[in-house]
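# Tertiary structure, described
Residue strings, one per chain:
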Amino acid sequence: MEVVIAPGPETARIAADAIEKLLRARPQAVLGLATGSSPLAVYDELARRHDEDGLSFAHARAFMLDEYVGLPAEHPERYRNVIEKEIASRVDLAPGAVQGPDGLADDLVAACAAYERAILDAGGVDLQILGIGTDGHIAFNEPGSSLASRTRIKTLTRQTREDNARFFDDDVAQVPTHCLTQGLATIMSARHLVLLAQGRGKAEAVHQLVEGPVSAMWPATVLQHHPHVTVLVDDGAASRLQLADYYRETYAAKPGWQGL
Ligand SMILES: N[C@@H]1[C@@H](O)[C@H](O)[C@@H](COP(=O)(O)O)O[C@@H]1O
């Protein structure tokens, strides 16, 4: 696990660099897209590179991490619509190139199984962007999630619904109670995981992710078992890291050939 502590705009550039390098080497790459505020600056940077530097997504495909259950198709907070607005519509991803779990399916269990198959059929995710919840969730894998889980229905915690109420007129009652989410094992199958976190509100979750014992109580800690994880955090999110000085020194002295 590589930990990079840098100002927010720089972490966004580092993540965008990784995606650009992948797409230039493998135009048909499979990307994993996350919602939430953490990756927004990365999406802005990718859209800018698409507009100004000719970065193309035309042959790429993308899979979303999760989706609320039951939000109407046109609801602006439906993750499908959020991803369309924040990234898909701003670059040249082909129609149908982005897939997500179907939170409006009549048979949600079958929709989860179909989603797992779709990811497998695409050859798996090359690079997965991730945020992290204040309780250490990734995608919507709440505390207590099986470390071996696959895409399934989950009940959101009160904490996550309160955190996300800001997207629903600050009214927690409007936040759906259930979601479909890639499981922890699904996420672990991606070849490179790039997690972004900003602000002191994420400091405890980031500390647990990087330095805590692996535990379903902090689901993101499962990433300690992944061979290729990049954690990009600003000073606030890094403020509880015990080895912060070491991570800073390591990154400052990193040889260029080492890559990300
Ligand atoms: N399901 C999403 C996650 O994918 C996201 O990483 C996390 C943090 O969100 P934010 O980046 O807005 O802090 O919570 C949401 O509930």
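Because the structure is a prediction, the values reported are computed rather than measured. (Residues numbered from 1 in each chain as written. Predicted model: local features only at pLDDT ≥ 70, side-chain atom pairs only at ≥ 80, totals over all residues. Heavy atoms only, no water.)

Moving on to the UniProt feature "active site" (unreviewed entry) in the chain. In the numbering used here, UniProt assigns the feature "active site" (unreviewed entry) to D66, D135, H137 and E142. Take D66: it is sitting in strand β4 (residues 66-68). A polar contact of 3.4 Å, which involves the side chain of D66, links it to the backbone nitrogen of F140. With residues near it in sequence (within four places) discarded, H137 still touches G131, I132, E142, T160 and P219. A distance of 2.7 Å separates polar atoms of two side chains, one belonging to H137 and the other to D135. (UniProt positions renumbered as here; feature names shortened; annotations may be inferred. Helix = DSSP H or I, 4+ residues; strand = E, 2+ residues; numbered from the N terminus. Polar contact = N/O pair within 3.5 Å; in protein donor to acceptor, adjacent residues only side chain to side chain. Contact = heavy atoms within 4.5 Å.)

On to the sheet that holds strand β9 (residues 192-197), then. The 7 strands lie next to each other as β1-β10-β9-β6-β2-β3-β5, forming an open sheet whose pairing is parallel. Edge positions in the sheet fall to β1 (2-5) and β5 (98-99), since each of these pairs with one other strand and no more. Bridge analysis of strand β3 (residues 61-64) against β5 gives 2 bridges, and the strand direction is parallel. The residue of β5 that forms the bridge with A62 is V98. (Pairing = 2+ DSSP bridges.)

Turning to the site of the ligand, a few remarks are in order. Taken together, the neighbourhood of the ligand is formed by 13 residues, with S37, S38, D66, R166 and K202 sitting nearest. Contacts to the ligand include I132, whose backbone N or O atom sits 3.5 Å from an oxygen atom. Look at the ligand: alone it shows 400 Å² of surface, and the protein chains cover 95% of it. (Near = heavy atom within 4 Å. Areas by Shrake-Rupley, 256 points an atom, 1.4 Å probe, with all protein chains shown as cover.)

Following both chains from N to C, one finds helix α1 (residues 8-25) and helix α2 (residues 40-53) inclined at 50°, their axes separated by 9 Å at the closest point. It follows that α1 is oblique to α2 by the angle criterion. When you trace α1 past α2, the crossing you get is right-handed. Packed against α1, whose contacting residues are A12, R13, A15, A16, D17, I19, E20 and R24, the element α2 presents A41, V42, E45, L46, R49 and D53 at the interface. Tallied by class, the residues present in the contact of α1 with α2 amount to 7 nonpolar, no polar and 7 charged. (Axes fitted to C-alpha atoms, helices over the stretch in contact; angles between N-to-C directions. Parallel < 35°, antiparallel > 145°, perpendicular 65-115°, else oblique. Left-handed = near helix turned anticlockwise from the far one by under 90°. Nonpolar A, V, L, I, M, F, W, Y, C, P; charged D, E, K, R; others polar.)

Among the secondary structure elements, T35 is positioned in the loop between β2 (30-33) and α2. The residues touching T35, leaving out its near neighbours within four places in the chain, are D66, Y79, V82 and I83.

Pairing in this open sheet of 3 strands is antiparallel, and the strands run β4-β8-β7 from one edge to the other. Each end of this open sheet is capped by a strand with a single partner; those strands are β4 and β7 (152-155). When strand polarity is set aside, the average angle formed by the axes of neighbouring strands in this sheet is 30°. Across 3 bridges, the pairing between β4 and strand β8 (residues 178-181) is antiparallel. For D66, the partnering residue across the bridge sits in β8 and is T181. Contacting β7 and β8, helix α4 (residues 108-121) crosses the sheet at an angle of about 120° to β7.

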